[in-house]
Amino acid sequence: MTGFQMTSNTKVLFEPAQLGSLALSNRIAMAPMTRSFSPNGVPGDDVVGYYQRRAAGGVGLILSEGVHTNETTAAGTPNVPNIVTDEAKAGWRKVIDAVHAEGGKMGLQIWHEGPFRNPKNTNHPDIPSWSASGMKIPGKPLWDPMTEEEIETAINEYVDAAVATKELGFDCAEFHGAHGYLIDNFFWDATNQRTDKWGGDWNGRTRFATEIIRRTREKVGPDFPLIIRLSQWKQQDFTAQATKSPEEMLEWLQPMVDAGIDIFHCSQRRFWEPEFEGSDLNFAGWAKKLTGKPTISVGSVGLQGDFIGAFAGESSKTASLDKLITRMEAEEFDVIAVGRALLQDPDWVAKVRDGRNEELEPFTKDALTSLS
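Residues numbered from 1 in each chain as written. Predicted model: local features only at pLDDT ≥ 70, side-chain atom pairs only at ≥ 80, totals over all residues. Heavy atoms only, no water.

Q: Requested: an account of the overall build of the protein chain, with residues and values cited.
A: For the protein chain, the helix and strand inventory stands at 12 helices and 12 strands. Taking all 372 residues of the protein chain together, 61% fall into the buried category. For the protein chain, long-range pairs separated by at least 24 residues make up 72% of all intrachain contacts whose partners lie at least 6 apart in sequence. In the form shown here, the protein chain has an accessible surface area of approximately 14500 Å², with 47% of it arising from carbon and sulfur atoms. (Helix = DSSP H or I, 4+ residues; strand = E, 2+ residues; numbered from the N terminus. Buried < 20%, exposed > 50% of the residue type's maximum accessible area, 1.4 Å probe, protein only. Contact = heavy atoms within 4.5 Å. Areas by Shrake-Rupley, 256 points an atom, 1.4 Å probe, with all protein chains shown as cover.)

What follows is the structure, encoded as structure tokens:
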């Protein structure tokens, strides 16, 4: 049983959405969540079934768990899938075919762990991890900064991953540019201390991302949707703000628009929190207002607590969607991504759509231990 009564009409969540060339049947996405159920980087039939059930349950857009761009510097978490080997690509083709068979749409999230890869815990402990200035924690260098050659290699690997995503039949690709991982490591001035063209002001610190986007756009053409996931907060510092004002945020986002990005996926720990003083707009709301591009919001939808606590083993009770509905009716952002609630229950969307609130399930840590 749930502990709330929904007072708002959920109709707005189930209106079709047109995000550039990406047409969705509703405004609910499944947020990307690392699952670590792909031995040797290959998604198997259990992964196929996991995503197929969410598509059958009515999710408008499924965004996959993070998928590694290589088997060395990108890979620091065990049993995470890649998009490099023939076996992994064959596994992903089964996934997208199953999702499409249920009438769903899906994109791969392309992920390089960067400084969060601990070489000692990988199959390649002799290979240093990559980061803009050799730092995971600001002010504490662990490795040498990436060389120009390494930067070029990383960019090309992102591009190749996005091209493979399109060739396999996915509906879009998302670059993971949030939470302190490799792209975000270049964005954040506290971890990017470079003085060459890849550092300095926002023009330099966005260059790594914009080169990935620009070169990918050249390869995939104008109509394949490209998303980038961004966050102000970092795993190293939950209170961090990469930008302190709307004007600075535009300096961050506009180069990616110019390079060819279609959609901004704006990660917050709690979607209802304002991004800047003097306005109720959240991160996704500001990104949409500043750039005119479609945005996806995310953060503690339908559950109490946040995902940081959840992945530390905390359970969460269900929560009202009224705040979400109010913001979506105001067209603050275009799509809402749902994480833990869909991890817990593949039929969450259908239950919300049908008004079966009493059937909505609280999140428990057991959801992390299997592909239900």
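Q: So what about the sheet that holds strand 5 (residues 106-111)? Which residues, and what values?
A: Judged by pairing direction, the barrel is parallel, and its 8 strands sit side by side in the order 3-4-5-8-9-10-11-12 before closing back on the first. Taking each pair of neighbouring strands and ignoring which way they run, the sheet shows an average axis angle of 25°. Where helix 2 (residues 86-101) meets the sheet, it contacts strand 4 (61-68) and strand 5, and its direction lies at approximately 150° from that of strand 5. (Pairing = 2+ DSSP bridges. Axes fitted to C-alpha atoms, helices over the stretch in contact; angles between N-to-C directions.)

Q: Can you break down the nonpolar core residue by residue, with the values?
A: Within the largest apolar cluster, 89 residues are counted, with the highest numbers of intra-cluster contacts made by Phe208, Met256 and Trp348. For this core, the element with the most residues is helix 3 (residues 148-167), which contributes 9 residues. If we skip the residues at most four places from it in the chain, Met256 touches Phe187, Ala209, Thr210, Ile213, Ile228, Leu230, Ile261 and Phe264. Counting residues in each nonpolar core, the second largest holds 15 residues, with Leu19, Leu22, Leu63 and Ile263 among its members. (Core = buried A, V, L, I, M, F, W, Y, C linked by side-chain atoms within 4.5 Å.)

Q: I'd love a proper account of helix 8 (residues 283-291), names of residues and values included.
A: Regarding helix 8, the residues found buried are Phe283, Ala284, Gly285, Trp286, Ala287 and Thr291. N-cap assignment for helix 8: the residue whose side-chain oxygen lies 3.1 Å from the backbone N of Ala284 is Asn282. Phi turns positive, to about 80°, at Gly292, one or two residues after helix 8. (Polar contact = N/O pair within 3.5 Å; in protein donor to acceptor, adjacent residues only side chain to side chain.)

Q: Give me unusual backbone geometry: which residues, what numbers.
A: Note: most peptide bonds trans; most residues except glycine with negative phi. Positive phi, close to 55°, is recorded for Ser36, a residue that is not glycine. Mapped onto the elements, Ser36 comes out in the loop between strand 3 (28-30) and helix 1 (45-56). Positive phi outside glycine occurs at Asn79, with the angle close to 60°.

Q: Which residues make up the pairing of strand 9 (residues 226-231), and what values go with them?
A: Burial analysis of strand 9 places 6 of its 6 residues in the buried class, the great majority of the element. Strand direction decides the pairing type here: strand 8 (residues 172-176) and strand 9, joined by 4 bridges, are parallel. Bridge assignment links Glu174 to a residue of strand 9, and that residue is Ile227. Bridge count between strand 9 and strand 10 (residues 263-267): 5 bridges; the pairing is parallel.

Q: Account for the packing of aromatic side chains, with residues named and values stated.
A: One pass over the structure, following the stated rule, counts 14 aromatic pairs. Between Tyr51 and Trp92, the aromatic rings sit 6.3 Å apart at their centres with planes inclined by 45°, giving tilted as the arrangement. Residue Tyr51 is found in helix 1, and its partner Trp92 is found in helix 2; the two are separated by 41 residues along the sequence. Grouping residues by exposure puts Tyr51 and Trp92 together as buried. Between the aromatic rings of Tyr158 and Phe208, the centroid separation amounts to 6.1 Å while the plane-to-plane angle is 80°, which identifies the pairing as edge-to-face. Separated by 50 residues along the polypeptide, Tyr158 in helix 3 and Phe208 in helix 6 (residues 207-220) bring together distant segments of the chain. The pair formed by Tyr158 and Phe208 is uniform in burial state, with each residue classed as buried. Among the aromatic residues, those joined into a cluster by ring pairs are Tyr50, Tyr51, Trp92 and Phe170. Stacked on the ring of Trp202, the Lys or Arg Arg205 has its end atom at 4.1 Å from the ring centre. (Phe/Tyr/Trp six-rings, centres within 6.5 Å; stacked < 30°, edge-to-face > 60°. Lys NZ or Arg CZ within 6 Å of the ring centre and 35° of its normal.)

Q: Go over the pairing of strand 4, please, and point to the residues and values.
A: Across the 8 residues of strand 4, 8 count as buried, placing the element largely inside the fold. In this sheet, strand 5 lies alongside strand 4 in parallel orientation, the contact comprising 5 bridges. Each residue of the ladder has a partner; that of Leu63, found in strand 5, is Gly107.

Q: Quick one: what's the story with the environment of Leu343, residue by residue and with numbers?
A: Tracing the chain through its elements places Leu343 in helix 11 (residues 340-344). If near-sequence neighbours (up to four positions away) are discounted, Leu343 is found in contact with Met33, Arg35, Tyr50, Arg54, Phe363, Ala367, Leu368 and Ser372.

Q: Can you tell me about the side chain of Glu65, naming the residues and giving the values?
A: Mapping Glu65 onto the fold places it in strand 4. Here Glu65 occupies a buried position and makes no salt bridge, while the nearest side chain of opposite charge, Arg35, is found at 6.7 Å. Looking at Glu65, its side chain comes within polar contact range of the side chain of Tyr51, at 2.7 Å. Dropping the residues within four chain positions of it, Glu65 is found in contact with Pro32, Met33, Thr34, Arg35, Ser36, Val47, Tyr51, Pro81, Trp92 and Gln109. (Lys, Arg positive; Asp, Glu negative; His and termini not counted. Salt bridge = Lys/Arg side-chain N within 4 Å of Asp/Glu carboxyl O.)

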